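Here are the chains, one letter per residue:
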Amino acid sequence: MSASRRSGATDELGPDEPGEPGGSDLLAALLDGMDAALCAFDADGVVTHWNREAERILGWTAAEAVGRHGFAGWAVRTADAEEVQARLMSAMRAPGRQVHEFALVTKDGGRVLVRTQSAAVRGPDGKSAGVYCAFSEVHAQIDLERSIALSEALFEDAAWGVVLVDADLRPAVVNAHAARMLGVGRASALGRPLGELLAQGVEELEAALTHVLAEGAPPAPAEMWVTVRTPEGEKRRCWRSGFVRLASPLAEEPVPLGVGWLFEDVTEAKQGEQEASLLRFRTNQLHRAARAAAECENPVEAATVHLDFALAGFADHALVDRVAGAPGAEGEEPSVRLVRLAATPAGAPGPSLLTGAAGLPVRYAEGHPALRCVERAGTVRADAGPVPAERAREWALERQWPGDAVHALCAVLRSRGRTLGVVTFLRGAGRSRFERSDAAYAEDVAVRIATVLDLAEAVRGRPGE
């Protein structure tokens, strides 16, 4: 039982109202329900209140504490009692609260370092009638201060994004770094659906947040690709994200308050990893193709071997067209007539097939990417653009390509200073357009195909062949 019910010190609360809990009962419940230890002294330094948390920390019950004069002889060492009492009671004459740290003695003889906050208790006349003192173990107070300091540092100085998302999956707090990464102001992001902040990747993010709310934090960070709206347009970014579930410490059972989402931008690192992995794969394909082509008796078949190895993971279709007639020498106008030499099957996937035995030129219209590639002796890229599927099909068929092609890359076949033809790689709508790194790879493949085609011409030109 709290001493506030036994000492008569709560009579100033007034008489109990009919049908309402007694004022002393209410005060006792409030004091005993506090998370901090609390004791109070009257103007003479006699203990008048002692709650359950004070009993838990020091072991002294309210019955043993209330009525004692100060802490001397029981809650502090005798040598320290006078100084401790003077510092506590000095709050009666000082404005506001005073903070002190003392070593108190537990009932079993141990010592506990506590941090106290003390302030004067004013009577009806405004004069000091005593002192109340709230205290807690220093390590617990330090833990609390560290938690608060960590929260403030995360939301002000952190070098990664921090967002607190409520149970409705809407941002409740956003730090400065996260706001910059989202391309919005800190205040304007609050309470908005995530779909308004991100152009793509919202479904994956919301699924992760929902999982954390239901199951708890994942065991490792997750890498998510999202598209952010910026003044320069939409940009695709990779964010390495960690999640923690936030639960109220005041509830009897854990009640999810939301999710803490911490993330950093790792786009450049991921792109570097992807490019390195792609380069290793393509280098390996070139190596395997060279070894396989070396076993071909017919140099033209070796050209199809290079084509098939290059196609893996790179394009959906490939064509090889050779210049009709003798190759043009350097400085001469190259022939604009091209004959189909090899092509991948237009229907089901399979190895490249040799075609064009009749030697008939392909019906390429003027300005065709393959013709421009030969004329320039350089790589040419072409795209159907953002058009309906039917229009894209017409675009491909007009250029004598398979109907599902929407991206094209033409690389010239050059050997010994001569233009031998052109190799064309085609991608469907499910792939991205050809980039500069793709052009470099296609040019490497074209060099190898041109070499074996040049060899084929030389073999045919030998006496007796």
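Refer to the structure presented above.
Okay, so let's go over this structure. Please read all numbers here as calculations on a predicted model, not as lab measurements.

1. Focus on the overall build of the protein
1) Next: Check the secondary structure of the protein and you find 13 helices and 17 strands.
2) Next: A sequence separation of at least 24 residues applies to 51% of the contacts in the protein between residues at least 6 apart.
3) Next: Split by element, the accessible area of the protein, about 25100 Å² in all, is 53% carbon and sulfur.

2. A few points about the pairing of strand S16 (residues 407-415)
1) Next: A large share of S16 lies buried, amounting to 8 of its 9 residues.
2) Next: Relative to S16, strand S15 (residues 380-383) runs antiparallel, the two being bridged by 4 bridges. Each bridged residue has a counterpart across the sheet, and for aspartate 383 the counterpart in S16 is histidine 407.
3) Next: Bridge count for S16 against strand S17 (residues 418-427) is 9 bridges, and the pairing is antiparallel. Bridge assignment links valine 412 to a residue of S17, and that residue is valine 422.
4) Next: Taken together, S16 and the strand that follows it, S17, pair antiparallel across an intervening segment of 2 residues, in which arginine 416 is found at a positive phi of about 50 degrees.

3. Examining the packing of aromatic side chains
A ring pair, where both rings are aromatic, is described by two values, the distance of the centres and the angle of the planes.
1) Next: Taken as a whole, this structure holds 13 aromatic pairs when the rule is applied.
2) Next: Ring centres of tryptophan 239 and tryptophan 261 lie 6.1 Å apart, and the angle between their planes is 50 degrees; this geometry places the pair in the tilted category. On the criterion of sequence distance, the pair formed by tryptophan 239 in strand S10 (residues 233-247) and tryptophan 261 in strand S11 (residues 256-265) is long-range, its members being 22 residues apart. In this structure, tryptophan 239 and tryptophan 261 share a single accessibility class: buried.
3) Next: Here the aromatic rings of tryptophan 261 and phenylalanine 263 are separated by 4.2 Å at their centres, their planes lie at 25 degrees, and the arrangement is stacked.
4) Next: Through pairs of rings, three or more aromatic residues link up here, namely Phe41, Trp50, Trp60, Phe71, Trp74 and Phe135.

4. Structural notes on the pattern of salt bridges
1) Next: Within this structure, the stated rule accounts for 22 salt bridges.
2) Next: Put simply, arginine 56 and glutamate 53 hold a salt bridge, and the shortest N to O gap is 2.7 Å. Taken together, the residues arginine 56 and glutamate 53, both in helix H2 (residues 52-58) and 3 residues apart, mark about one turn of the helix.
3) Next: A single salt-bridge network, built from bridges that share partners, covers Glu223, Arg240, Glu264, Lys270 and Glu273.

5. As for the nonpolar core
1) Next: With 32 residues, the main nonpolar core has Phe314, Val320, Leu413, Val423, Phe425, Ile449 and Leu453 as its most contacted residues.
2) Next: The set of elements that each furnish at least two residues to this core consists of helix H9 (267-293), helix H10 (299-311), strand S12 (317-323), strand S13 (338-343), S16, S17 and helix H13 (436-460).
3) Next: In terms of residue count, the dominant contributor to this core is H13 (10 residues).
4) Next: Among the nonpolar cores identified, the runner-up in size contains 29 residues, and Trp50, Val76, Leu104 and Val114 belong to it.

6. Regarding the sheet that holds S10
1) Next: Read across the open sheet, the 6 strands follow the order S7-S6-S11-S10-S9-S8; overall the sheet is antiparallel. The sheet is open, and its two borders are formed by strand S7 (171-174) and strand S8 (198-200), each paired with just one other strand. Within the sheet, the average angular offset between the axes of one strand and its neighbour, ignoring direction, is 40 degrees.
2) Next: Sheet topology places S10 next to S11; 9 bridges connect them, and they run antiparallel. Bridge pairing in S11 links tryptophan 239 to aspartate 265.
3) Next: Packed on one face of the sheet, H9 meets strand S9 (222-230), S10 and S11 and runs near 115 degrees to S9.

7. So, the packing of H9 against H10
1) Next: Running from N to C, H9 and H10 cross one another at 160 degrees; their axes reach a closest spacing of 9 Å. Judged by the inter-axis angle, H9 sits roughly antiparallel to H10. Between H9 and H10 the crossing geometry is right-handed. Together, Gln285, Arg288, Ala289, Ala290, Ala292 and Ala293 of H9 and Ala302, Val305, His306 and Phe309 of H10 make up the contact between the two elements.

8. Considerations on unusual backbone geometry
1) Next: Notably, alanine 377 is not glycine yet its phi reads approximately 55 degrees, a positive angle.
2) Next: Structurally, alanine 377 is set in the loop between helix H11 (369-376) and S15.
3) Next: For alanine 377, a relative accessible area of 36% puts it in the partly exposed group.
4) Next: The phi angle at glutamine 400 is positive, at roughly 65 degrees, despite the residue not being glycine.
5) Next: Residue placement: glutamine 400 occurs in the loop between helix H12 (389-398) and S16.

9. A short note on the sheet that holds strand S14 (residues 353-354)
1) Next: Sheet architecture is open: 6 strands sit in the order S14-S13-S12-S17-S16-S15, paired in antiparallel fashion. What marks the edges here is a single partner per strand, and that holds for S14 and S15.
2) Next: Strands in contact with H11 are S13, S15, S16 and S17; relative to S17, the strand with the most contacts, it is inclined by about 145 degrees.

10. As for the side chain of serine 118
1) Next: Tracing the chain through its elements places serine 118 in strand S4 (residues 111-122).
2) Next: Accessibility expressed as a relative area gives 0% for serine 118, which makes it buried.
3) Next: When near neighbours in sequence (up to four residues on either side) are disregarded, serine 118 contacts Leu88, Ala91, Gly96, Arg97, Gln98, His100, Val131, Tyr132 and Cys133.

11. Brief notes about the environment of threonine 61
1) Next: With respect to the helices and strands, the residue threonine 61 is situated in the loop between H2 and helix H3 (62-65).
2) Next: Among residues more than four places away in sequence, those in contact with threonine 61 are Trp50 and Glu55.

Definitions and limits used
Residues numbered from 1 in each chain as written. Predicted model: local features only at pLDDT ≥ 70, side-chain atom pairs only at ≥ 80, totals over all residues. Heavy atoms only, no water. Helix = DSSP H or I, 4+ residues; strand = E, 2+ residues; numbered from the N terminus. Contact = heavy atoms within 4.5 Å. Areas by Shrake-Rupley, 256 points an atom, 1.4 Å probe, with all protein chains shown as cover. Buried < 20%, exposed > 50% of the residue type's maximum accessible area, 1.4 Å probe, protein only. Pairing = 2+ DSSP bridges. Phe/Tyr/Trp six-rings, centres within 6.5 Å; stacked < 30°, edge-to-face > 60°. Salt bridge = Lys/Arg side-chain N within 4 Å of Asp/Glu carboxyl O. Core = buried A, V, L, I, M, F, W, Y, C linked by side-chain atoms within 4.5 Å. Axes fitted to C-alpha atoms, helices over the stretch in contact; angles between N-to-C directions. Parallel < 35°, antiparallel > 145°, perpendicular 65-115°, else oblique. Left-handed = near helix turned anticlockwise from the far one by under 90°.

Fair warning: the whole summary comes from geometry, so function is off the table for now.
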